[in-house]
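Structural description and commentary
Take a look at the letters that make up each chain.
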Amino acid sequence: MNESLQKFSGQYQTALQDYLADEGEESLHEAYELGRHAVAEGLGVLDIAKIHQQVSLALLMPAFASGKGKRQAHAVEGFLMEALSPFEAHHRGFREANALLRELNETLEHRAAELAATNRELSHEITRRKASEEMWKRYESIVNTSREFLTLVGSNYRYEAANDAYCQAHRKSREEILGSSVEDVWGGTAFWTIIKGHLDHCFSGEEVHYQAWFEVAAFGRRFFDVSYYPYQQKTTVTHAIVVTRDVTDRWRAERALRESEEQFRTLMHSAIDAIILADSDGRVIACNQAARTMFGRAREEIVGHPLGLLVPDEQRGARESEINRIRQDEPTRLIGKTVEMHGIRKNGNQFPIELSLASWQTESGRFYCGIIRDITERKRAEEALRKSEEHYRTLFNEAKAMQEKLRVLSSKILHAQEEERKRISRELHDEVGQALTAISVNLQLLKRKAAKADDGLDATVAETQSILEQTMHNVHRFSYELRPAMLDDLGLVIALRWYIKGFAKRTSIKVNFRADAGVEQLQNESKTVIYRVIQESLTNVYKYADAERAAVLIRWTGDGARLTVKDNGRGFQPDQLDLSSREKSGLGLMGMEERLRLVNGQFAVKSAPGKGTTIRALIPFQPESDKSRSIKPGS
Ligand SMILES: Nc1ncnc2c1ncn2[C@@H]1O[C@H](COP(=O)(O)OP(=O)(O)OP(=O)(O)O)[C@@H](O)[C@H]1O
Ligand SMILES: [Mg+2]
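This section reports on the structure supplied with the text. All of these numbers come straight from a predicted model, not from anything done at the bench.

**Digging into the site of ligand 1**
Taken together, 17 residues lie around ligand 1, and Asn540, Tyr544, Ala545, Gly586 and Gly588 are the ones closest in. Mapped onto the shell around ligand 1, the elements with two or more residues apiece are α16 (524-545) and α17 (588-598). Per element, the largest residue contribution to the shell around ligand 1 is five residues, and it comes from α16. When its residues are assigned to classes, the shell around ligand 1 shows seven nonpolar, seven polar and three charged.

**A short note on the packing of α16 against α17**
Contact pair α16 / α17: the axes reach a minimum separation of 10 Å and the direction vectors enclose 165 degrees. By the angle between their directions, the pair α16 and α17 is classed as roughly antiparallel. The interaxial crossing formed by α16 with α17 has left-handed handedness. On α17, the residues touching Val529, Arg532, Val533, Glu536 and Asn540 of α16 are Gly588, Gly591, Met592, Arg595 and Leu596. Taken together, the residues that form the contact of α16 with α17 break down as four nonpolar, three polar and three charged.

**Remarks on helix α4 (residues 69-145)**
Each α-helix turn comprises 3.6 residues. Residues three or four places apart therefore point the same way. For α4, built from 77 residues, the straight-helix expectation of 114 Å at 1.5 Å per residue is met to within 8% by its first-to-last C-alpha distance of 108 Å. The largest bend in α4 amounts to roughly 35 degrees and is located at Leu84, with the proline Pro86 lying one to four residues further along. Those residues of α4 that are buried are in contact with α1 (3-22), α2 (25-41) and α3 (45-66).

**Some points on the nonpolar core**
Of all hydrophobic cores here, the largest spans 33 residues; its most connected members are Ile530, Ala550, Leu563 and Ile619. Among the secondary structure elements, those contributing two or more residues to this core are α15 (492-507), β11 (510-515), α16, β12 (549-556), β13 (560-567), α17 and β15 (613-620). Contact partners of Leu563, with chain neighbours within four places excluded, come to Ile530, Val533, Ile554, Arg616, Ala617 and Ile619.

Scoring rules and cut-offs
- Residues numbered from 1 in each chain as written.
- Chains lettered and ligands numbered in written order.
- Predicted model: local features only at pLDDT ≥ 70, side-chain atom pairs only at ≥ 80, totals over all residues.
- Near = placed C-beta within 6 Å.
- Helix = DSSP H or I, 4+ residues; strand = E, 2+ residues; numbered from the N terminus.
- Nonpolar A, V, L, I, M, F, W, Y, C, P; charged D, E, K, R; others polar.
- Axes fitted to C-alpha atoms, helices over the stretch in contact; angles between N-to-C directions.
- Parallel < 35°, antiparallel > 145°, perpendicular 65-115°, else oblique.
- Left-handed = near helix turned anticlockwise from the far one by under 90°.
- Contact = placed C-beta atoms within 7 Å.
- Expected span 1.5 Å × (residues − 1).
- Bend = angle between axes of the 7 residues up to and from the residue.
- Core = buried A, V, L, I, M, F, W, Y, C linked by C-beta atoms within 7 Å.
- Buried ≥ 20, exposed ≤ 12 C-beta atoms within 10 Å, placed from the backbone.

Distances and angles like these do not, on their own, reveal function.
This is the structure in structure tokens:
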């Protein structure tokens, strides 16, 4: 037994002794206090019972021995009951507390169940709210991403909601707009003349749609498509949902389209060429007046009909292959590429046309535009031109042939002229010269006889002799000039020297003459050309130049001769000579040129008033084998 139990056991014994002694209320109360004390100390009922048993046995033994045991046992029991009553009270209290606790627990459980339900509801509510917040955010972002103006206007014409686009367009914050009136935002004129009437319609329950120009701070004057949708709460329209769309660009595009359509119509109408539009099946969908006139058909006789109607049967293949060609030729344009074919009028007459086709693809299929020109006149003109060209070509060829003949002829004439001169020269020399020589011999005899007669006849004869001598001299000179025998016998240079000497003497013009001996290699024909050119040039110097000096130079280059005849006379303007008129211009220069051409040479005149005249000629050397190339005189 521990210390506290021992102590308690002693106290219990004392108290029970006291009670057994007097059985008084005070001692009994002591038993109660001991019981309370035991409860407080944490002693159990069994501890008390054990202590009681030991103490009561010890105390009751003597009593039983004295015969007072029965009564005392009864008192001991009463004492024990009293000592146990705090335990009883304690136990009852415990039971009550337990019952209370159970009750409390039940209440708590009930509350916990309630709380769990509430919790569940709350979490549902939170989820719902989150979802609706998310939804709200989405709607908000949709509304604010929209480029259309979205607002909610109350029946007092004041804004209750506006999206970002709307605020930005007016360069105002949302706070500035919300609560302000439509009139504040759009201005009095727009509100009273346009907006209010439409809003009132909406408040009366109707959907309203209209388009109008409005001024907005951010973009200036723009064209808007406006819709008002009534917003109803129960049966009353409390708000107007306003959706405003900037359609300026669309409006402009539509206007541009209208204008372009108008231009197209005007173009179609005023075009001289026929214009026909057809769909992908080749069916005409539009045509202009020119097309109707060209094909002699009314609009309804063309539109809706296949294109083939306008083309003769045998040409249809060509037209279709053209369309196929265009169809494959992506993307669209073939303008400028034309085909010529035939069209057919309503009366069956065929006529030539020029067709240029273009094609383009649209969502509703491929379209073709044919521009058709009636080329009847052009064809006629082309034919006339072709004929006239042919005619002129024939004339030209004839002229060329004629020229060739003339060239041959002039060559023959020049040759014949040379031959004739040679013949006359020979005749003059042989016949006339011989006859004159015979006359001269006879005159010599006559003179001698006349001297004897002394009748003055000798003087007459002498005079006749002198005339005859002069005549013989002249005949000799004529004969030489016609065809210098020297040219053939002694060569070009000597013949020229002799001629130039005589010219200088006759005309008193100083002529400087130099010639390379190589020129003698030239063919006779070329040498004659040189001789005649010099002869004609010097004659011109004498006739026109009024010159003091002249120079004749012939250079031999190995492959030909270069001839220059130069004077210091008054000169002239070669380009102003009227070669077409025989009266105004002689044949000298032309003749020289012609002679040179016959030997494949070149000829040039350089002269100017006051600057003298220079004639240049180039005479090529043609070896015998080459000679066939030039046109021989007399050929
Ligand atoms: N050396 C020259 N100096 C000045 N004028 C000249 C000279 N040579 C030619 N002419 C001018 O050129 C013109 C044409 O000369 P060209 O020899 O062709 O014909 P022509 O002498 O008048 O006639 P033709 O030679 O037939 O007798 C001459 O009329 C003259 O006006
Ligand atoms: Mg002349």
